[in-house]
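Coordinates in review
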Amino acid sequence: MIRLIGYFFGIGTTLALVVAAGVALYLGQLTKELPDYEVLAKYEPPVTTRIHASDGALMGEFARERRLYLPIQAVPDRVKAAFLSAEDKNFYSHPGIDIMGFSRAALAYVTGGPTQGGSTITQQVAKNFLLSNEQTMDRKAKEAILSFRIEQAYSKDRILELYLNEIFFGLGAYGIAGAALTYFDKSVNELTVAEAAYLAALPKGPSNYHPFRYADRAVERRNWVIQQMVVNGYISREEGDKARAEPLGVTPRRTGTYVFAGEYFTEEVRRELIARYGQDALYEGGLSVRTTLDPKLQVMARKAMQSGFEKYDRLRGYRGPVKNIDISGDWGTALGAVKALGDVPEWRLAVVLDSSKTGLEIGLQPKREVSGALSKDREQSSVSKDDMSFAMRYVSDGKRLKANSPAEVLKPGDVIYVEKNEGGAGYALRQVPEVSGGLVAMDPHTGRVLAMVGGFSFSQSEFNRATQAMRQPGSAFKPFVYAAALDNGYTPASVIMDGPITIQSGNTSWTPKNYDGKAAGPSTLRAGIERSRNLMTVRLANDMGMKTVAEYAERFGVYDKLAPYLPMALGAGETTVMRMVSAYAVMANGGRQIKPSLIDRIQDRYGKTVFKHDERGCDGCVATEWANQPEPELVDNSEQVLDPMTAYQITSMLEGVVQRGTATTLLSLNRPIAGKTGTTNDEKDAWFVGYTPNLVVGLYLGFDKPQGLGKGTTGGGLAAPVFKDFMTVALEGTPKGDFALPEGMKVISIDRKTGMQAAEGAPGTIMEAFKPGTGPADSYWVIGMGEDGTNGYGEALSPQASKAISEGGGGLY
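Residues numbered from 1 in each chain as written. Predicted model: local features only at pLDDT ≥ 70, side-chain atom pairs only at ≥ 80, totals over all residues. Heavy atoms only, no water.

**Let's talk about the pairing of strand 8 (residues 359-364)**
Strand 8 sits mainly inside the fold: 5 of its 6 residues count as buried. Looking at chain direction, strand 7 (residues 347-355) and strand 8 are connected through 5 bridges and run antiparallel. Bridge pairing in strand 8 links Val352 to Ile362. Count of turn residues in the strand 7/strand 8 antiparallel hairpin: 3 residues. (Buried < 20%, exposed > 50% of the residue type's maximum accessible area, 1.4 Å probe, protein only. Helix = DSSP H or I, 4+ residues; strand = E, 2+ residues; numbered from the N terminus. Pairing = 2+ DSSP bridges.)

**Here's the deal with the sheet that holds strand 1 (residues 49-52)**
Spatially, 5 strands are ordered 2-1-5-20-21 in an open sheet, and the strand pairing comes out mixed. Sheet topology places strand 2 (58-62) and strand 21 (609-612) at the edges, where each strand pairs with a single neighbour. The average undirected angle you get between the axes of adjacent strands in this sheet is 15°. The pairing of strand 1 with strand 5 (residues 288-291) spans 3 bridges and is parallel. When the sheet's bridge partners are listed, Arg50 is paired in strand 5 with Ser288. Its contacts with the sheet place helix 11 (residues 263-277) against strand 1, strand 2, strand 5, strand 20 (599-603) and strand 21, and it is angled at close to 50° to strand 20. (Axes fitted to C-alpha atoms, helices over the stretch in contact; angles between N-to-C directions. Contact = heavy atoms within 4.5 Å.)

**Thoughts on unusual backbone geometry**
Despite not being glycine, Leu171 shows a phi value in the positive range, around 55°. Residue position: Leu171 is located in the loop between strand 3 (168-170) and strand 4 (173-174). A positive phi angle, near 55°, is found at Asp397, a position not held by glycine. Topologically, Asp397 is positioned in the loop between strand 10 (393-396) and strand 11 (399-402). Asp397 sits in the exposed class, given a relative accessible area of 79%.

**A short note on the environment of Gly573**
Relative to the assigned elements, Gly573 resides in the loop between helix 18 (546-556) and helix 19 (577-588). As for Gly573 and Gly474, which are separated by 99 residues in sequence, their C-alpha atoms are 8.4 Å apart.

**Some words on helix 13 (residues 295-314)**
Compared with the 28 Å implied by 1.5 Å per residue over 20 residues, the 28 Å span of helix 13 between its first and last C-alpha is a close match. At the N-terminal boundary of helix 13, the capping side chain belongs to Asp294, with an oxygen 3.0 Å from the backbone nitrogen of Lys296. (Expected span 1.5 Å × (residues − 1). Polar contact = N/O pair within 3.5 Å; in protein donor to acceptor, adjacent residues only side chain to side chain.)

**So, the pairing of strand 1**
Pairing of strand 1 with strand 2, which is carried by 4 bridges, proceeds in the antiparallel orientation. What sits directly across from Ile51, in strand 2, is Gly60. As consecutive antiparallel partners, strand 1 and strand 2 are separated by 5 residues, and within that stretch Gly56 has a phi angle of approximately 95°, a positive value.

**Overview of the side chain of Gln298**
With respect to the helices, strands and loops of the structure, Gln298 is situated in helix 13. What makes Gln298 buried here is its relative accessible area of 1%. Not counting residues up to four positions away in its chain, the partners in contact with Gln298 are Phe260, Ala261, Leu293, Ala451, Met452 and Val453.

**Some points on the nonpolar core**
Of all hydrophobic cores here, the largest spans 133 residues; its most connected members are Phe556, Tyr584 and Phe726. Considering each element in turn, this core owes the most residues, 10 residues, to helix 19. Setting aside residues up to four positions removed in sequence, Phe726 forms contacts with Leu297, Met300, Ala301, Ala304, Ala441, Leu695 and Val697. (Core = buried A, V, L, I, M, F, W, Y, C linked by side-chain atoms within 4.5 Å.)

**Considerations on the packing of helix 9 (residues 215-231) against helix 10 (residues 237-245)**
Contact pair helix 9 / helix 10: the axes reach a minimum separation of 9 Å and the direction vectors enclose 175°. The pairing of helix 9 with helix 10 is recorded here as roughly antiparallel in orientation. On helix 10, the residues that touch Arg222, Asn223, Ile226, Gln227 and Val230 of helix 9 are Arg237, Gly240, Ala243 and Arg244. Across the contact of helix 9 with helix 10, the residue classes tally to 3 nonpolar, 3 polar and 3 charged. (Parallel < 35°, antiparallel > 145°, perpendicular 65-115°, else oblique. Nonpolar A, V, L, I, M, F, W, Y, C, P; charged D, E, K, R; others polar.)

**Digging into the side chain of Thr537**
By the secondary structure assignment, Thr537 is in helix 17 (residues 534-544). Ignoring any residue separated from it by four or fewer positions in sequence, one finds Thr537 in contact with Lys478, Val481, Tyr482, Ala569 and Leu570.

**Remarks on the sheet that holds strand 14 (residues 436-442)**
Read from one edge to the other, the open sheet built from 5 strands follows the order 15-14-24-23-22, with strand pairing classed as antiparallel. Two strands in the sheet have a free side with no partner beyond their single neighbour: strand 15 (449-453) and strand 22 (674-679). If you compare each strand with its neighbour and ignore which way they point, the axes differ by 5° on average. Of the pairings in the sheet, the one linking strand 22 to strand 23 (residues 685-692) comprises 6 bridges and is antiparallel in character. Bridge pairing in strand 23 links Lys676 to Val689.

**Some remarks on the pattern of salt bridges**
Under the counting rule described, the total for this entry stands at 36 salt bridges. Across the pair Asp241 and Arg244 runs a salt bridge, and its minimum N-O distance is 2.4 Å. Of this pair, Asp241 and Arg244 both sit in helix 10, 3 residues apart, roughly one helical turn. The residue Glu419 makes a salt bridge to Arg430 at a minimum N-O spacing of 2.8 Å. (Salt bridge = Lys/Arg side-chain N within 4 Å of Asp/Glu carboxyl O.)

**A word on the confidence of the model for the chain**
Of all residues in the chain, 88% attain a pLDDT of 70 or more, and the chain-wide mean is 89. Contacts for the low-pLDDT stretch residues 787-795, under 50 throughout, to residues beyond four places or in other chains number 17 contacts. Across residues 804-813 the pLDDT falls below 50, and counting only partners more than four positions away or on other chains, this stretch makes 26 contacts in the model. (pLDDT = per-residue confidence, 0-100.)

As structure tokens, this is what we get:
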């Protein structure tokens, strides 16, 4: 018996050694195939890039995996407790694996049973970071070995931090911070026990516990986690009962743009970030971007532009419904399938249920619930005939017709846009304007873009007309011609012939005309720009040479390369609103170059500043202590592209455009405003660009496919009122500072028509600023006057001009 026992013991020992050797060989082979766990020390997960307005408001988020990295120290204890109770209650005591759980999984595999879990948080870190998701014993063994090694290399808190920031929660959210925002629109430290428990329930299978598809299952799983928190002593039984009684309360955070009306701005910033750093940096780099956007000004700009679009559009009549749907069944379901403009919340889609001579009976598009499902409520209202009066002129088959009854314009089943009337009595008919345009508002001293409108609706068209649309600026370009002249020996009192001119080039000729078709004879530069005289501008450009005009246009940044042809002096070259506003900002900034920017600062995921727009120097700003030194000053190192005295002169002349010229509609603003209207050939575009000492605003209105806006449509009549609407609210509460006169300039009274010195205060005089060494002419010089005393085309001069020549000495030029 003893020999038998010894025999079996020997066999058993041998088998044990063989098994041990086999296991050792197996584990040794697996060890060779293990990935390097030290990569966890350099863990940089894909993190969401966030874009903020100048006041810190969130504008947008961009990510392939919506994740915000959160250090373990910032995770509240109740949130940690929820995850430990749900996933690994012995996390802080085990060596990396749960021996009992691992044994059960191994036994099930050996006996052919179903593959089981049993993974600790450490094992999940090993799997998620270093291994695949394949359900094999090899992977589980590798997972266990790596878990032991990870536990030896990193603290428990570091392992938990990696886990909480990496895991997927569903709805596109990764990491606990991203999940808290996605599911509850809260930061992690605002989560309740019930909310933390629900998030802790999700990693096991986010789709299985979807808050809307499987709400009952989700509540059951959450309540189980809460019960485990009670059992493990993290919360009291009373707290647990209270948490289980709460509804799921999921309120998904909407994605995209968050600052109202900021869609075009946000998209422009997105494109710039990709151009600077590439797509991976944008969608995975976790950049923090502080933009220049002023949310209040942005809302004002949007309202002014949309109002301008609608006013113009309604005068052209109604073009018909969005579409027609079948209302014989549930009209709400059919209407809910029609996509509305998501960024025009003032409007709602509606369907005509009945139309008569007094108005329309309408059904409003049902709203969507938190889950995204269409509400079952059906809301009805009405549109009176008075509230759709513009539609009594409607377009059919390209013809504009007049209707006597709303029933002639719309019929049951027609889908329309409506807007709630002020006071709440019914709705008014609306239509998406065909005309569009762009606006930019900028700080002239820094180039910071404060507001931008790229069209009527970003939902309708993502094309940004403020930065991407190439349009002819028309007469809005003229200030750069006059600035070039003032910088090259001319003065605001220089006199130019406003008379017919024909430019011959080879076998072709060009005969420009003034907008009104008339000529005023000899006029000062000031009068020429105030009344926007084309003939004077062409004659001035011809006298200077178009190469000089092109050089200044490029120096101002209006064009990269301007062809030196005379029609370009009238704004025939194409440019953008952004470039025009930046160029006008140079004049408002005393002639100093500015770099337009939508971004103030960019920080990487660690908070290090990688870009800053403000390049002004400040040596004294880094002093460690105060030793009676003067207050530090910011030094503007930007290039001086225009003489500051010239900048003041052209600004003063552009003030005249508002006071006496083509933009007198702005006089009621009672502010120092310099600006210029612009109307292109065939009235295809209407422009206005203007500025105060601290704000530059430029805009245009026109069709995307250029066509005439209508006979008589001008920048002064269409664009300037939009500028006025915006500035009325934008300038509220701001100081009324005047444009500063540069030191050394002389202000002299001159005759507005002859440009010669006159007694101060006399009728028909104006105070004009002159550079040192210059002043009004001693004799009457006219650029472009014929030697026979005519205007150069055999036409007699006005009696006043003839008198000035005889009294002043009669110079010819």
